[in-house]
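Structural features, examined
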Amino acid sequence: RMPGGWAVRAALFGAIVSLILTAAAVPLGYIFGYIVQHAWGLSNQDLADWLTDRARSAAIGAGFAAVAAVVFFGVVRWQPKTWWVWGWVAFTVLTAVLSFLWPVLIAPLFNRFTPLPEGSLRTRVLGLAHDAGVDLGEVYVIDASKRSTIENAYVAGLGSTKQMVLYDTLIEADDEDASAFIVAHELGHQVESHVFKNVLIASAGMLVGFLALRWLAGRPGILSWAGASGIADVRALPAILLFVLLANVVAGPVQNLLSRRFEARADEIAVELTNDPATATRVFRRLAFANIADLRPPQLAVTMLFTHPPIAARIESATAAAR
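Residues numbered from 1 in each chain as written. Predicted model: local features only at pLDDT ≥ 70, side-chain atom pairs only at ≥ 80, totals over all residues. Heavy atoms only, no water.

Regarding its fold elements, the protein presents 12 helices and four strands. In terms of overall dimensions, the protein is globule-like: its C-alpha atoms have a radius of gyration of 22 Å, near the 20 Å expected for 323 residues. Oriented by its inertia axes, the alpha-carbon framework of the protein measures out at about 65 × 40 × 40 Å. Going through the 323 residues of the protein one by one, you find that 38% of them count as buried. Surface exposure of the protein reaches about 17,400 Å², of which carbon and sulfur atoms provide 66%. The positive charge centre, built from 25 side chains, and the negative charge centre, built from 25, are 14 Å apart in the protein. (Helix = DSSP H or I, 4+ residues; strand = E, 2+ residues; numbered from the N terminus. Rg over C-alpha atoms; globule rule 2.2 N^0.38 Å. Buried < 20%, exposed > 50% of the residue type's maximum accessible area, 1.4 Å probe, protein only. Areas by Shrake-Rupley, 256 points an atom, 1.4 Å probe, with all protein chains shown as cover. Lys, Arg positive; Asp, Glu negative; His and termini not counted. Charge placed at Lys NZ, Arg CZ, Asp CG, Glu CD.)

Right under this line is the structure:
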């Protein structure tokens, strides 16, 4: 009965379901993201700031869910026979657009980005980028310390939005050799085009997912159980999201395996660029203690959850490079 047609209903329903799912995750998020983090001295946030972050994330998630719902049901209505092909294309494009916009549109909502100041570290970073053959663009420092004591860095963006970001906690540790190695690791991701490859991997996964959704759409009993008359019925959205959740659980170990291989390759490139395996070993040890890493994780946990190789494996690889 909502005025505005199916698109308004899809957008509203997508946003509402997203907000419900976010609200359902708050209790466990509070335990693991606030209480445990404070118990181990990894968080600097007070409760008000933590809740503000959750609210901001919920609003962003609801907006993306609304857009995704409109795109999905729009494609199904536009191409009722080949919707799964066009849906795959549309969501691959959305993934690429999100990767492009995230550093300049979403990330600044949570952190302040400032260019890495002139000095020996910046000179060294630019020198490493030159040696790696990477057009680095700008290097930014974010105020991560307002939330956490964790030291980290990352690369994000596609094309003109590509950027390297260093945590201020890493800079404040005042260990230029260690910072240079971590920068070299992130440059390794750019050398291997890992951000772009991740988009391609996500696209391949979505193709399999849309094929499975096509099979699901041919089983009207499943959708009718959810109160929907067919795949084009907006009421099918919760059943589709349940399917996506289960698909992510199944695909998670494969995605994590590929991520660990990307990270291991970035480590190799970092050792090659810095020619300093001793610093690599020291960095991994320091990160293990600073971030309170599990030094002997169960193999099942590594397979199911780890996006990076365990610290012991990374140290072993760096030690092997020194021989």
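Here helix α10 (residues 277-290) spans 20 Å end to end across 14 residues, near enough to the 20 Å set by a 1.5 Å rise per residue. Among all positions of α10, only Pro277, Thr279, Ala280, Thr281, Val283, Phe284, Leu287 and Ala288 are buried. (Expected span 1.5 Å × (residues − 1).)

With that settled, the discussion passes to the nonpolar core. In terms of nonpolar packing, the biggest core is built from 31 residues, with Leu136, Met164, Leu166 and Leu187 touching the most fellow members. Among the elements of the structure, α4 (120-132), β2 (139-142), β3 (153-156), β4 (163-167), α6 (176-191), α9 (237-274), α10 and α12 (311-322) are those that each provide at least two residues to this core. What leucine 187 contacts, discounting residues up to four positions off in sequence, is Leu128, Ala129, Val134, Leu136, Met164 and Leu273. If you look at the next biggest cluster of nonpolar residues, it comprises 23 residues, including Ala69, Phe73, Ala90 and Leu213. (Core = buried A, V, L, I, M, F, W, Y, C linked by side-chain atoms within 4.5 Å. Contact = heavy atoms within 4.5 Å.)

For α6, which comprises 16 residues, the first-to-last C-alpha distance of 22 Å matches the rise-based estimate of 22 Å (1.5 Å per residue) to within 8%. Judged by how many residues are buried, α6 sits mostly within the fold: 13 of 16 residues are covered.

This paragraph deals with the packing of helix α1 (residues 5-39) against helix α2 (residues 47-78). The contact between α1 and α2 brings their axes to 7 Å, and the two run at 145 degrees. Where α1 crosses over α2, the handedness of that crossing is right-handed. Class assignment for the residues of the contact of α1 with α2 results in 18 nonpolar, seven polar and one charged. (Axes fitted to C-alpha atoms, helices over the stretch in contact; angles between N-to-C directions. Left-handed = near helix turned anticlockwise from the far one by under 90°. Nonpolar A, V, L, I, M, F, W, Y, C, P; charged D, E, K, R; others polar.)

The next subject is the pattern of salt bridges. One pass over the structure, following the stated rule, counts 16 salt bridges. Close ionic contact of arginine 286 with glutamate 151 constitutes a salt bridge, the shortest N to O distance being 2.8 Å. In this pair, arginine 286 is assigned in helix α10 and glutamate 151 in the loop between β2 and β3, connecting sequence segments 135 residues apart. A residue is classified by how much of its surface remains accessible, and arginine 286, at 22% relative accessible area, is partly exposed. Between arginine 265 and glutamate 192 there is a salt bridge, with the nearest N and O atoms lying 3.5 Å from each other. (Salt bridge = Lys/Arg side-chain N within 4 Å of Asp/Glu carboxyl O.)

Positive phi values are uncommon outside glycine, yet serine 193 reaches one of about 55 degrees. The topology assignment puts serine 193 in the loop between α6 and α7 (194-217). Given a relative accessible area of 37%, serine 193 falls into the partly exposed group. Notably, asparagine 275 is not glycine yet its phi reads approximately 50 degrees, a positive angle. Along the chain, asparagine 275 falls in the loop between α9 and α10.

Next up on the list: the environment of lysine 81. You can see lysine 81 is positioned in the loop between α2 and α3 (83-106). Its relative accessible area of 76% is what places lysine 81 among the exposed residues.

Here we come to the packing of aromatic side chains. The tally for this structure, following the rule as stated, stands at 12 aromatic pairs. Relative to phenylalanine 210, the ring of phenylalanine 91 lies with its centre 5.8 Å away and its plane at 50 degrees, an arrangement referred to as tilted. With phenylalanine 91 in helix α3 and phenylalanine 210 in helix α7, this pair connects stretches of sequence that are 119 residues apart. Across this residue pair, the class does not change: phenylalanine 91 and phenylalanine 210 are buried. Plain terms: the ring middles of tryptophan 102 and tyrosine 154 are 6.1 Å apart, the flat faces sit at 65 degrees to each other, and that makes the pair edge-to-face. Linking tryptophan 102 in helix α3 with tyrosine 154 in strand β3, this pair joins segments that are 52 residues apart in sequence. Here tyrosine 154 falls in the buried class, since its relative accessible area comes to 17%. Put simply, the rings of Phe72, Phe73, Trp83, Phe91 and Phe210 touch in pairs and so form one group of aromatic residues. Its end group placed over the ring of phenylalanine 110, arginine 56 keeps NZ or CZ at 5.4 Å from the ring centre. (Phe/Tyr/Trp six-rings, centres within 6.5 Å; stacked < 30°, edge-to-face > 60°. Lys NZ or Arg CZ within 6 Å of the ring centre and 35° of its normal.)

Okay, the sheet that holds β3 next. Across the sheet, which stays open at both edges, the four strands sit in the order β1-β2-β4-β3 with mixed pairing between neighbours. The open sheet terminates on both sides in strands that have one partner only, identified here as β1 (113-115) and β3. Taken pair by pair, the neighbouring strands of this sheet meet at an average axis angle of 30 degrees, ignoring direction. Where β3 meets β4, four bridges bridge the pair, whose relative direction is antiparallel. The residue bridging alanine 153 from the neighbouring strand is leucine 166, located in β4. (Pairing = 2+ DSSP bridges.)

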